[in-house]
Every structure is written in structure tokens, then in C-alpha cells.
Amino acid sequence: MTTVTGDVRQRTAETPTRRRGWARLGRAAVTSVAATVLSQVVLLAVLAGGGVPVLASTLAWAAGAVLNFVVTRRWVWGRTGRPRVRRELLPYLGVIGLGGLASVGLTTLAGSLLTPLDLPHVWWVVLVDGAYVASYALVFVVKFTLLDRLVFGRGAARTAATTSSS
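The structure presented is a predicted model; accordingly, all values stated were derived computationally and were not measured.

Cut-offs used in this document
Residues numbered from 1 in each chain as written. Predicted model: local features only at pLDDT ≥ 70, side-chain atom pairs only at ≥ 80, totals over all residues. Heavy atoms only, no water. Salt bridge = Lys/Arg side-chain N within 4 Å of Asp/Glu carboxyl O. Helix = DSSP H or I, 4+ residues; strand = E, 2+ residues; numbered from the N terminus. Buried < 20%, exposed > 50% of the residue type's maximum accessible area, 1.4 Å probe, protein only.

Participant: Account for the pattern of salt bridges, naming residues and giving values.
Facilitator: This model, assessed by the stated rule, comprises four salt bridges. The shortest N-O distance in the salt bridge between Arg73 and Glu88 comes to 2.6 Å. Of this pair, Arg73 sits in helix α2 (residues 53-76) while Glu88 sits in helix α3 (residues 85-114), and the two are 15 residues apart along the sequence. Of the two residues, Arg73 and Glu88, both sit in the buried class. Of the charged contacts, one joins Glu88 and Arg79 as a salt bridge, the two residues approaching to 2.6 Å between their closest N and O atoms. A relative accessible area of 1% means that Glu88 is categorised as buried.

Laid out in C-alpha cells, this is it:
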């Protein structure tokens, strides 16, 4: 017979769910970082080539959005198969579209505010890029929560065609 002594914490039914929630948040953060890196490459290439902030941030957002959808849908929320347009794709586009508008808007505003300062182009690019990254950091938590609750997570419709068996 084995006797357990000392402080033993009671496990609740919520503990595995919480762990899965934190793991999902961690995976979402990793996919968001990957999408941000891709977005950065696009943004910096367009800005360094003389492009305007609204074009650069729009192209950067689109590149990151495609990567994020494909990887996040499968790795973070375990969805497989063809995405359902009305239940997954359109709500996803709505959620990330709002985040995209925020990042494009803040990047464009930063570019407009910095232009009269007549900074060397490299510093202008660095500061506009900083505004773009800051805008992504601001909307990450809101975006994750909306995707988790409305699009892919527990509150979203799950069918055999869109859910992995693992």
C-alpha cells in the first residue's frame, strides 16, 4: 500500500482544458510570429523600394493573413479538410480584416506623421515598421480571443469534416 503525504493539490475538471487553452495560445503566438516575420519581409521590401505605407502594409498584411490562416487552422485549432466558407473562412476574414485595418491605419498614420520630419529614408522605414509591429502586438490578444470564441474554438461549429481525429 502506498501512502501519499504532503500538500496534494486537487485537480479539477478544468485543469486539462486550461492547459489546452494555454497550449493553443502558445501555438497561436508562434504562428502569429511566423506570419509577422513574413509580413515584415514584404513590408520592408516595399518600403525600401520606395512604396507608400498604405500599399506596403496592405501587401504585408495579406501575405501574413494567408500563412496565418493555413497554419493556425490546422496546428492551433486542429481543423482539417476543406474550410467551410460561411463558418470558418468568412468569420476569419472578418476578424483578421479588423486587425488588418488597424495595422494599415496605424502604419499609414505613422508614415504621414513622420514624412514632414524629413528623416533619412532608413530611419523613416524603421519607424514606420515599428508602428506596424506595434499595431500587431496591440491586436493579437483580441484577435486570438475572437478566433477562439467565434471561428475555430469551443463556441464555433465543429463538424467531422473540419475537425481532426487526434
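Participant: Describe unusual backbone geometry, with residues and values.
Facilitator: Trans peptide bonds make up most of the peptide bonds, and negative phi angles are found at most residues other than glycine. Although it is not a glycine, Asp118 sits at a positive phi angle of roughly 50°. Inspection of the secondary structure assignment puts Asp118 in the loop between α3 and α4 (121-151). Taking relative accessible area as the criterion, Asp118 reaches 68% and is therefore assigned exposed.

Everything listed is a geometric property; what it means functionally is a separate question.
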